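Okay, here's what each chain looks like letter by letter:
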Amino acid sequence: MKTAKSLFFVVLLFMGYVQVAAQGYTPPSRDRVEALLERADDCKKNIEKEEENLKMMEADPESVTLAQYNATKQAIAAYKKCLNVVRKELDSLRKDYPGWFNSPSATLEVTVHRQIIIITPLIILAMLTDMEGVMKAIQARFGAIPEPGH
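1. Looking at the overall build of the protein chain
Then, in step 1: Looking only at helices and strands, one finds five helices and two strands in the protein chain.
Then, in step 2: Scanning the protein chain from its N terminus toward the C terminus, one meets helices and strands in the order α-α-α-α-β-β-α.
Then, in step 3: Taken across its 150 residues, the protein chain has 22% of its residues classed as buried.
Then, in step 4: Sequence-distant contacts, at least 24 apart, represent 71% of the contacts inside the protein chain between residues at least 6 apart.
Then, in step 5: Of the roughly 10,700 Å² of accessible surface on the protein chain, a fraction of 61% belongs to carbon and sulfur atoms.

Have a look at this one:
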């Protein structure tokens, strides 16, 4: 009888451990990933807006002060940092949840203009690669800009 009780207790502990271990894996929050993607999109839009401002400043340098020109350059740099932070966060999620990001069934449903768009981890990676290319192109353009004289 004593061995039956101890065997029952051991089986009960083992089953409890298995249940706790099985509940240990939680996929990343879809809301968090969606928020990161929205932040990346906002940063990208702001970079484009500031680039347009920079083009207007380059076209008419007499109407712009050096402080405005430098502020625009600093804003572009800040938005680039924003994109880098989002990318690092997505990379950390990818490292923490490799099964979720590598799963072909892991998708996000994003509603844009009342249309549902399915975003997979491969699409997220492609978006980040595109953003990196845009940032490199912007940095290359800054090397050719002469410093204003006033």
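2. Focus: helix 2 (residues 30-59)
Then, in step 1: The end-to-end C-alpha separation of helix 2 is 44 Å, in line with the 44 Å expected for 30 residues at 1.5 Å each.
Then, in step 2: By the burial criterion, the buried members of helix 2 are V33, L36, L37, A40, C43, I47, E50, E51, L54 and M57.

3. Re the packing of helix 2 against helix 3 (residues 66-96)
Then, in step 1: Running from amino to carboxyl end, helix 2 crosses helix 3 at an angle of 160°, the nearest separation of the two axes being 9 Å. Judged by the inter-axis angle, helix 2 sits roughly antiparallel to helix 3. The interaxial crossing formed by helix 2 with helix 3 has left-handed handedness.
Then, in step 2: Class assignment for the residues of the contact of helix 2 with helix 3 results in 18 nonpolar, four polar and eight charged.

4. A closer look at the environment of I138
Then, in step 1: With respect to the secondary-structure elements, I138 resides in helix 5 (residues 121-143).
Then, in step 2: Relative accessible area serves as the criterion here: at 5%, I138 is assigned to the buried category.
Then, in step 3: Distance in space between the C-alpha atoms of I138 and I76 is 9.2 Å, their sequence separation being 62 residues.
Then, in step 4: Not counting residues up to four positions away in its chain, the partners in contact with I138 are I47, E51, I76 and K80.

5. Some thoughts on the nonpolar core
Then, in step 1: Ranked by size, the top nonpolar core spans 23 residues in total, and within it V33, L37, Y69, L83, L90 and I124 carry the most contacts.
Then, in step 2: Of all the elements in the fold, those that place two or more residues in this core are helix 2, helix 3 and helix 5.
Then, in step 3: Here this core gets eight residues from one element, more than from any other, and that element is helix 2.

6. Concerning the packing of helix 2 against helix 5
Then, in step 1: Taken N-terminus to C-terminus, the directions of helix 2 and helix 5 make an angle of 20°; their axes are 12 Å apart at the nearest point. Viewed along their axes, helix 2 and helix 5 adopt a mutual orientation that is roughly parallel. Helix 5 is crossed by helix 2, and the crossing has left-handed handedness. On helix 5, the residues that touch V33, L37, A40, K44, I47, E51, L54, K55 and E58 of helix 2 are I124, M131, I138, R141 and F142.
Then, in step 2: Classifying every residue of the contact of helix 2 with helix 5 gives nine nonpolar, no polar and five charged.

7. What to know about the confidence of the model for the protein chain
Then, in step 1: Residue-level pLDDT values for the protein chain average 80, and 76% of them are 70 or greater.
Then, in step 2: Looking over the protein chain, one finds the lowest element-wise mean pLDDT in strand 1 (residues 108-112), namely 65, and the highest in helix 3, namely 89.

8. Some details on the pattern of salt bridges
Then, in step 1: Enumeration according to the criterion identifies four salt bridges in this entry.
Then, in step 2: Residues E89 and R39 are paired through a salt bridge, measuring 3.7 Å at the closest nitrogen-oxygen approach. Residue E89 is found in helix 3, and its partner R39 is found in helix 2; the two are separated by 50 residues along the sequence.
Then, in step 3: When the shortest N-O distance is used, the salt bridge between K136 and E132 registers 3.7 Å. Note that K136 and E132 are positioned in helix 5 at a spacing of four residues, about one turn of the helix.
Then, in step 4: Residue K136 is classed as exposed on the basis of its relative accessible area, which comes to 53%.
Then, in step 5: Connected via shared salt-bridge partners are R87, E132 and K136.

About the thresholds
Residues numbered from 1 in each chain as written. Predicted model: local features only at pLDDT ≥ 70, side-chain atom pairs only at ≥ 80, totals over all residues. Heavy atoms only, no water. Helix = DSSP H or I, 4+ residues; strand = E, 2+ residues; numbered from the N terminus. Buried < 20%, exposed > 50% of the residue type's maximum accessible area, 1.4 Å probe, protein only. Contact = heavy atoms within 4.5 Å. Areas by Shrake-Rupley, 256 points an atom, 1.4 Å probe, with all protein chains shown as cover. Expected span 1.5 Å × (residues − 1). Axes fitted to C-alpha atoms, helices over the stretch in contact; angles between N-to-C directions. Parallel < 35°, antiparallel > 145°, perpendicular 65-115°, else oblique. Left-handed = near helix turned anticlockwise from the far one by under 90°. Nonpolar A, V, L, I, M, F, W, Y, C, P; charged D, E, K, R; others polar. Core = buried A, V, L, I, M, F, W, Y, C linked by side-chain atoms within 4.5 Å. pLDDT = per-residue confidence, 0-100. Salt bridge = Lys/Arg side-chain N within 4 Å of Asp/Glu carboxyl O.

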